[in-house]
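Letter by letter, the chains look like this.
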Amino acid sequence: MNEDIRIHSWPCSYYLDTSKQWVSGRLSLTPVAIKFTANKTGELLVNFHLSSVSEIKKESSNLIFSSLTILEKNTKHWFSSLQPNRNVVFNILEHFWREQLLSSQGAGAEAAALQSTKGRELTGLLTGSQKQLEDTAKVLHYQGEQFDNIMRGLNKIEGDMDVADRLLTELESPSWWPFSSKLWKAPLETKPKETATVSDSKNQEGIIIRIPVIITHRTDSNVKPGKLTLFASGLEISDCNSQVIHRFESKDVDDIRVHTPYEISVRQRFIGKPDTSYRLLSAKMPEAIPILEMQFSKKIQFLEDALGFVGARKSPQVDLGTSIWQAATGLLGGVVQPGSPVGGREGMDNDQVQLQKQEKISQEEAKELKQILKKLKGLALETEAELERQDEALDSITNSVDRATLNIDKQNRRIKKLT
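Residues numbered from 1 in each chain as written. Predicted model: local features only at pLDDT ≥ 70, side-chain atom pairs only at ≥ 80, totals over all residues. Heavy atoms only, no water.

Looking at an unreviewed UniProt entry, one finds the protein named Synaptosomal-associated protein 47 and attributed to Haliaeetus albicilla. Quoted straight from UniProt, the Sequence similarities (unreviewed entry) entry for the protein says "Belongs to the SVAP1 family." (UniProt positions renumbered as here; feature names shortened; annotations may be inferred.)

Here you go:
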């Protein structure tokens, strides 16, 4: 991720202590830093890392009203005349500051980047692939449950069609036929059970990811902190108290715009009344965007400021299943010799020796890479098996729908004859 990307900027005034005067300019936020640039000279007067901030407060005094202060190490920076208002700027700055502190990179992000090794890069890459594969598996699992519900519904339809067929047979049979009233009574007692099963499955829907966000509704200037929760069936926006503000089912979403790697907007269109639109900003948004892209591939749009993000993140796609495992093991192609055996104690020892010798990867890093690759292989095989099962279920659904269509046509013809 490019650390120089500008997440947001606001017109404001900065108190320059050296000249004891206020300077107009723009306060800017990047993923890791806060900056202030003067309007007249274009000089960068403030530039410090988020990890060096110890406090962000809203303050005022007899001389300075509606100001925002940022305590950076032993220096206190004063910002005033913030647009659109102080609360908006405070909520966004505080959100990214807290997420930076909670991040695994934390205060040592810059030092860790300088000391990065090939082992850390590979570990980070494989960990990201593992998380995306886990998210994909969750979506596939939910789709599998939906297929199961469809199959149960079709089985119920077939049962109802059998009942209708027996009713029609009774109506078509002569009045003197002695068995007509006993043909259709038995199967009518199976309905409530199926309904309960479907509703239980709906209630057990799992969460794919939940991230903290800053929420803007439509074009309102006010913002408030909250949460974004992604399900396989849609997404949900809630406040800090977990009270649902709005839930979008997948079919309700008309478009998702990715403004930057950290900001998206979700919209549902209506005819004759205002659209339902939410703008969401989050330091964790880069983790949610790949999932949104997978779920809403035809509805998501990357705007100009986000094109660099999607280009850097995307790589040539591979098929799910075994090919995912092959892609994962291929990441070590430049580190582990191709001739090394995959199985057995000797193969693992040779791999670790090559990892340490060629790229100076520690024994702990090599062991961690092996564990991640093992998990990736298991996930890939499970995903492949689930896809094969869903292919079979889809074939069964298609056949059931075809049979139901034929039965409906036949019964329509029989009903026309009776009328």
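Another point: the packing of aromatic side chains. The geometry of two aromatic rings is summed up by the distance between their centres and the angle between their planes. This model, assessed by the stated rule, comprises six aromatic pairs. The interplanar angle of 55° and the centroid separation of 6.1 Å between the aromatic rings of Phe 36 and Phe 79 together place this pair among those described as tilted. With Phe 36 in strand β3 (residues 33–38) and Phe 79 in strand β7 (residues 75–80), this pair connects stretches of sequence that are 43 residues apart. Grouping residues by exposure puts Phe 36 and Phe 79 together as buried. Pairwise contacts between aromatic rings join Tyr 14, Phe 36 and Phe 79 into one cluster. (Phe/Tyr/Trp six-rings, centres within 6.5 Å; stacked < 30°, edge-to-face > 60°. Helix = DSSP H or I, 4+ residues; strand = E, 2+ residues; numbered from the N terminus. Buried < 20%, exposed > 50% of the residue type's maximum accessible area, 1.4 Å probe, protein only.)

Here Glu 72 lies in strand β6 (residues 67–72). Although buried, Glu 72 forms no salt bridge, and the nearest oppositely charged side chain, Lys 73, lies 4.8 Å from it. At 3.1 Å, the side chain of Glu 72 forms a polar contact with the side chain of His 77. Apart from the residues lying within four places of it in its own chain, the contact partners of Glu 72 are Phe 48, Ser 52, Val 53 and His 77. (Lys, Arg positive; Asp, Glu negative; His and termini not counted. Salt bridge = Lys/Arg side-chain N within 4 Å of Asp/Glu carboxyl O. Polar contact = N/O pair within 3.5 Å; in protein donor to acceptor, adjacent residues only side chain to side chain. Contact = heavy atoms within 4.5 Å.)

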